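A look at the structure
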Amino acid sequence: MILADLSPAAYRQAGEYLAALDPDWARHVAATGPCLHQATPGREPYEALVRAIAYQQLHARAAEAILGRLLALFPQHAFPPPEQLLAASPQTLRACGFSASKLATIQGIAQARLDGLVPTREAALAMSDDALIERLVALRGVGRWTVEMLLIYSLERSDILPVDDFGVREGYRRLKGLDKAPTPAQMRSLGGAWRPYRTVAAWYLWRA
């Protein structure tokens, strides 16, 4: 079953569910207030993946500057189509600020879109979380976290817990007053109690 309900009513229901789990969650949800998670529906998976790669290991402002220079190369498009991205010279793209590794990754994503490995948004909406993750992590430089961000923000999936995310694990450590953050495997086990609202749970943990 594909769980993709990020409506205000679903946020309220998720907040109430999490607050009822234990006193720590109740305090945190009350202190944080209603979930204000904002998805970016409408983006094609290809665009979402390229943007996610640009943001990897960079401050948001630096990543936005790099993307701004990339978009300026293709003023006739809201976002460069894969064929045009592949036609641009590596030197031109490197001048935007992409490292050699990131450039290879985004070119691989563009080629994978042309080959059909990266699905259209319409096709992605019909695919399960696990199917999308399995398909896209096969791409060079695309890890599970990157695909989970695509699921959360572009496809509005409502039961995604990015256990590899430092902010999620550190948020849980602070929520519970632990000396050490849980491992990804421990986080995955703990998150079973938050189904089917793990996306909202992640949002609250990021704010811890």
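These numbers come from a predicted model, not from an experiment.

Here we take up the overall build of the protein chain. Along the protein chain, the regular secondary structure elements total 13 helices and zero strands. Reading the protein chain from its N end, one meets helices and strands in the order α-α-α-α-α-α-α-α-α-α-α-α-α. In terms of C-alpha radius of gyration, the protein chain reaches 18 Å, essentially the compact-globule figure of 17 Å for 208 residues. Counting only C-alpha atoms and orienting by the principal axes, one finds that the protein chain spans roughly 55 × 35 × 30 Å. For the protein chain, buried positions account for 43% of its 208 residues. Positive and negative side-chain charges in the protein chain, numbering 23 and 20 respectively, have mean positions lying 6 Å apart.

Of the residues making up helix 2 (residues 23-32), those classed as buried are Trp 25, His 28 and Val 29. Considered in projection along helix 2, the buried side chains sweep an arc of 95 degrees and stay on one side of the axis. Set apart from the buried face of helix 2 by more than 90 degrees, the exposed residues are Pro 23, Arg 27, Ala 30 and Ala 31. Those residues of helix 2 that are buried are in contact with helix 1 (8-19), helix 11 (166-176) and helix 13 (198-206). Two or three places before Asp 24, at the start of helix 2, stands the capping residue Asp 22, its side-chain oxygen 3.0 Å from that residue's backbone nitrogen. Phi turns positive, to about 90 degrees, at Gly 33, one or two residues after helix 2.

Attention now moves to the packing of aromatic side chains. Counted by the stated rule, this structure contains five aromatic pairs. Relative to Phe 79, the ring of Tyr 46 has its centre 5.9 Å away and its plane inclined at 75 degrees; by these criteria the two rings are edge-to-face. Here Tyr 46, found in helix 3 (residues 45-55), pairs with Phe 79, found in the loop between helix 4 (60-72) and helix 5 (82-87); they are 33 residues apart in sequence, far enough to count as distant. Phe 79 matches Tyr 46 in its accessibility class, with the two residues each being buried.

All right, on to the domain arrangement of the protein chain then. Interface size, as often reported, equals the accessible area lost upon joining of the parts. Examined at the domain level, the protein chain breaks down into domain 1 (6-37 + 158-204) and domain 2 (43-152). Taking the mean C-alpha position of each, domain 1 and domain 2 sit 28 Å from one another. Taken together, the contact pairs ten residues of domain 1 with seven residues of domain 2. When the buried surface of domain 1 facing domain 2 is broken down by residue, Ile 160, Pro 162 and Asp 164 rank first, second and third, together holding 58% of it. The tally of links from domain 1 across to domain 2 stands at zero salt bridges. The interface formed by domain 1 and domain 2 contains one residue pair in polar contact (both at pLDDT 80 or more). Residues belonging to the side of domain 1 that touches domain 2 are distributed by class as follows: five nonpolar, two polar and three charged.

Once that is clear, we can look at the pattern of salt bridges. This model, assessed by the stated rule, comprises eleven salt bridges. Linking Arg 27 and Asp 24 is a salt bridge whose minimum nitrogen-to-oxygen distance equals 2.4 Å. Of the two residues, Arg 27 and Asp 24 both sit in helix 2, three residues apart, roughly one turn of that helix. For Arg 27, a relative accessible area of 53% gives the class exposed. Classification of Asp 24 as partly exposed rests on a relative accessible area of 21%. A salt bridge links Asp 129 to Arg 157, with the shortest nitrogen-to-oxygen separation between them at 2.6 Å. Note that Asp 129 is positioned in helix 9 (residues 129-136) and Arg 157 in the loop between helix 10 (144-154) and helix 11, a separation of 28 residues in sequence.

Parameters and conventions
- Residues numbered from 1 in each chain as written.
- Predicted model: local features only at pLDDT ≥ 70, side-chain atom pairs only at ≥ 80, totals over all residues.
- Heavy atoms only, no water.
- Helix = DSSP H or I, 4+ residues; strand = E, 2+ residues; numbered from the N terminus.
- Rg over C-alpha atoms; globule rule 2.2 N^0.38 Å.
- Buried < 20%, exposed > 50% of the residue type's maximum accessible area, 1.4 Å probe, protein only.
- Lys, Arg positive; Asp, Glu negative; His and termini not counted.
- Charge placed at Lys NZ, Arg CZ, Asp CG, Glu CD.
- Arc of directions from axis to C-beta.
- Contact = heavy atoms within 4.5 Å.
- Polar contact = N/O pair within 3.5 Å; in protein donor to acceptor, adjacent residues only side chain to side chain.
- Phe/Tyr/Trp six-rings, centres within 6.5 Å; stacked < 30°, edge-to-face > 60°.
- Domains from an automatic or database assignment.
- Buried area = accessible area lost by both parts, 1.4 Å probe.
- Salt bridge = Lys/Arg side-chain N within 4 Å of Asp/Glu carboxyl O.
- Nonpolar A, V, L, I, M, F, W, Y, C, P; charged D, E, K, R; others polar.

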